[in-house]
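Listed below are the residues making up each chain.
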Amino acid sequence: MLGESVGSLAGLIGPARAGDRAAFTAICEQTLTPLFRYVSARVDTLAEAEEITQDVYLAATTSIRSLRSDDELTLLAWLFQIARHKIADHLRRRHRESLAPLEAATDVPASDPNPEDAAIAAGERADLMLALSELTPEQREVLICKYVLEFDNERTGRLLGKTTNAVNQLHHRGLASLHRLLTGGAARRRIDGR
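Residue positions are counted from 1 within each chain, in the order its sequence is given. For this predicted model, a pLDDT threshold of at least 70 governs which residues receive local features, and a threshold of 80 or more governs which side-chain atom pairs are given and counted, while totals over whole chains, interfaces and linings are taken from all residues. As a rule here, side-chain values come from all non-hydrogen atoms in the structure, and water together with hydrogens is ignored.

Time to look at the overall build of the chain. Summing up its helical and strand segments, the chain has 8 helices and 0 strands in all. For the chain, the sequential pattern of α-helices and β-strands runs α-α-α-α-α-α-α-α. Relative to its full complement of 194 residues, the chain shows a buried share of 37%. For the chain, the proportion of contacts with a sequence separation of at least 24, taken over those separated by at least 6, is 67%. For accessible areas, the Shrake-Rupley method is used with a probe of radius 1.4 Å. Any residue's cover is judged against the shown protein chains and nothing else. Surface exposure of the chain reaches about 11,800 Å², of which carbon and sulfur atoms provide 55%. By definition, any uninterrupted DSSP run of H or I lasting at least four residues is a helix, any uninterrupted run of E lasting at least two residues is a strand, and each is numbered from the N terminus. Exposure classes here rest on a 1.4 Å probe applied to the protein chains alone. A residue is buried below 20% of its type maximum, exposed above 50%, and partly exposed in between. A contact between two residues is defined here by any heavy atoms of the two lying within 4.5 Å.

The next point concerns the packing of aromatic side chains. Given two aromatic rings, their pairing is described by the distance between the two centres and the angle made by the two planes. Centre distance within 6.5 Å is the pairing criterion for rings of Phe, Tyr and Trp, where only the six-membered ring of Trp is used; planes under 30 degrees apart are then read as stacked, over 60 as edge-to-face, and the remainder as tilted. By the definition in use, this model includes 1 aromatic pair. Between Tyr 38 and Phe 80, the ring centres sit 4.3 Å apart and the planes meet at 10 degrees, which makes this aromatic pair stacked. Of the two residues, Tyr 38 is situated in helix α2 (residues 21–40) and Phe 80 in helix α4 (residues 72–96); the sequence distance between them amounts to 42 residues.

Structurally, Thr 156 is set in helix α7 (residues 153–160). Setting aside residues up to four positions removed in sequence, Thr 156 forms contacts with Val 142, Cys 145, Lys 146, Phe 151 and Val 167.

Taking 1.5 Å of rise per residue, the 20 residues of helix α5 (residues 115–134) would be expected to cover 28 Å, and the 28 Å separating its terminal C-alpha atoms lies within 8% of that figure. Within the span of α5, buried status applies to Met 129, Ala 131 and Leu 132. Down the axis of α5, the smallest arc covering the buried residues is 165 degrees, so these residues share one side. Exposed residues lying more than 90 degrees from the buried face of α5 are Pro 115, Glu 116 and Ala 119. For a helix, the expected span equals 1.5 Å multiplied by the residue count minus one. Arc, as used here, means the arc of the directions from the helix axis to the C-beta atoms.

Keep in mind that these numbers describe shape and distance, not what the molecule does.
Okay, structure coming up:
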């Protein structure tokens, strides 16, 4: 995990900012897992997460010189901020793109899981993504930090610029809202017959 390499990561920021490609590559390698987890929690497919993660690092190569801090959490917060912008760009593009006609779906390749399990998993993921989108941005960020990145309240607070107490409150309110949204959505599906 990222926290195990705090000293070495912080020591790479200065050289990367000065144009050292090896230092920037090492930063990418050490931040890839939390960044990819963060992005994949915000988009629908792994392919989208891979593409956006790549876009984040491409953008970071051109703007690393403007990074003003030399600590791990500031670096990660900076990468997450770039990711938020890239995710928003991706969602805007996807919204503008026209949908393919239904006839184009006839050549869809078979997947490994059985269709029923895949449909249930896709439905659950879609419900979760929809519920997350209905939370406040702060609640969503806290829940992603805690459950996707596995950060504790202190580290989440430092990353998001919040106190530990504020993170705790956002965490509990976010979970309560998420529970309400998910159980309400399941009830609506049962009533609607979906």
